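# Results of the structural survey
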Amino acid sequence: MFPIQEEELITLIPQKMPFVFIGALLEVSDSHAISSFTIADNNILCENGKLTVAGLIENIAQTAAAKTGFECMQQNKKVRIGFIGDVRDFIYSCQPKVGEEITTQVVITNKIFDVTLISGIVKLNGKGIASCKMKIFEEHENNFPKQPA
């Protein structure tokens, strides 16, 4: 089943090209998810041959989104849209360069109704290069548009 990549991966997240910042979903459990992403030179959040800070944050958020999408798929439910509500304690030591592959792990620290609290870490060659805590608000199922009969 894993890794999940390409078109199958895109079905798990609400984002579409050119705003996709994960390349493969490598692992999912109740409490965490791991993704990988190779930085491309045509990436919308690359500047001067490096992924921007915004790209690192979006990569963490999309890893969490892929986890939620995978769980929805397993339950035959519609993929829910998430919104970043808060980013705290963001630190980074470097920005990955074009051609480099990062691995990102998110851990669910708490979930209350439609709000998920995560901690995320981005690694390059096994070494942590960025981390943060994030609050993600998920669209409630009752807000989904009604499907025509």
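Above this text you will find the structure in question.
Residues numbered from 1 in each chain as written. Predicted model: local features only at pLDDT ≥ 70, side-chain atom pairs only at ≥ 80, totals over all residues. Heavy atoms only, no water.

### Regarding the overall build of the chain
For clarity, the threshold we go by: Note on conventions: DSSP H or I runs of at least 4 residues are helices, E runs of at least 2 residues are strands, and numbering of each starts at the N terminus. Atoms counted for the radius of gyration: C-alpha only. Globule rule: 2.2 Å times residue count to the power 0.38. Exposure categories follow from relative accessible area, calculated using a 1.4 Å probe and restricted to protein chains: below 20% of the type maximum is buried, above 50% is exposed, and the middle band is partly exposed. Working rule for contacts: check all heavy atoms of both residues, and any pair within 4.5 Å makes them a contact.
Within the chain, the secondary structure is distributed over two helices and nine strands. Ordered by position in the sequence, the α and β elements of the chain form the string β-α-β-β-β-β-α-β-β-β-β. Here the chain has a C-alpha radius of gyration of 15 Å; the compact-globule value for 149 residues is 15 Å, and the two agree. Expressed as a percentage of the 149 residues in the chain, the buried residues total 42%. Long-range pairs, those at least 24 residues apart, make up 62% of the contacts in the chain between residues at least 6 apart in sequence.

### Re the packing of aromatic side chains
For clarity, the cut-off: Centres within 6.5 Å are what make two rings of Phe, Tyr or Trp a pair, Trp counting through its six-membered ring; a difference in plane orientation under 30 degrees is then read as stacked, over 60 as edge-to-face, and the rest as tilted.
If you walk through the whole model with that rule in mind, you get four aromatic pairs. One aromatic cluster in this structure is built from Phe 19, Phe 21 and Phe 37.

### Details of the nonpolar core
Quick reminder of the rule: Working definition of a nonpolar core: buried Ala, Val, Leu, Ile, Met, Phe, Trp, Tyr and Cys residues. They are joined through side-chain atoms within 4.5 Å.
With 34 residues, the main nonpolar core has Leu 25, Ile 102 and Met 134 as its most contacted residues. When residues of this core are traced back to their parent elements, those giving at least two are helix H1 (6-10), strand E2 (24-28), strand E3 (32-38), helix H2 (53-74), strand E7 (101-112), strand E8 (115-124) and strand E9 (127-138). Sort the elements by how many residues they give to this core and H2 lands first, with eight residues. What Met 134 contacts, discounting residues up to four positions off in sequence, is Ile 57, Ile 60, Ala 61, Ile 84, Asp 86, Val 87, Thr 116, Leu 117 and Ile 118.

### Some details on the pairing of E3
For the record, the criterion: Think of it this way: DSSP has to see at least two bridges between two strands before they count as a pair.
Buried residues dominate E3, accounting for six of its seven residues. Examined bridge by bridge, E2 and E3 share four bridges and lie antiparallel to one another. Looking across to E3, one finds that Val 28 is bridged to Ala 33. Two successive antiparallel strands, E2 and E3, enclose a turn made up of three residues. Here seven bridges tie E3 to E7, and the two strands are oriented antiparallel to one another. Along E7, the bridge assignment pairs Thr 38 with Glu 101.

### Examining the sheet that holds E7
One open sheet accounts for seven strands, arranged E1-E2-E3-E7-E8-E9-E6; its pairing is antiparallel. Here the strands that pair on one side only, and so sit at the sheet edges, are strand E1 (4-5) and strand E6 (82-92). In this structure, E8 lies alongside E9, joined through 10 bridges in antiparallel fashion. Residue pairing across strands places Ile 118 opposite Met 134, the latter belonging to E9.

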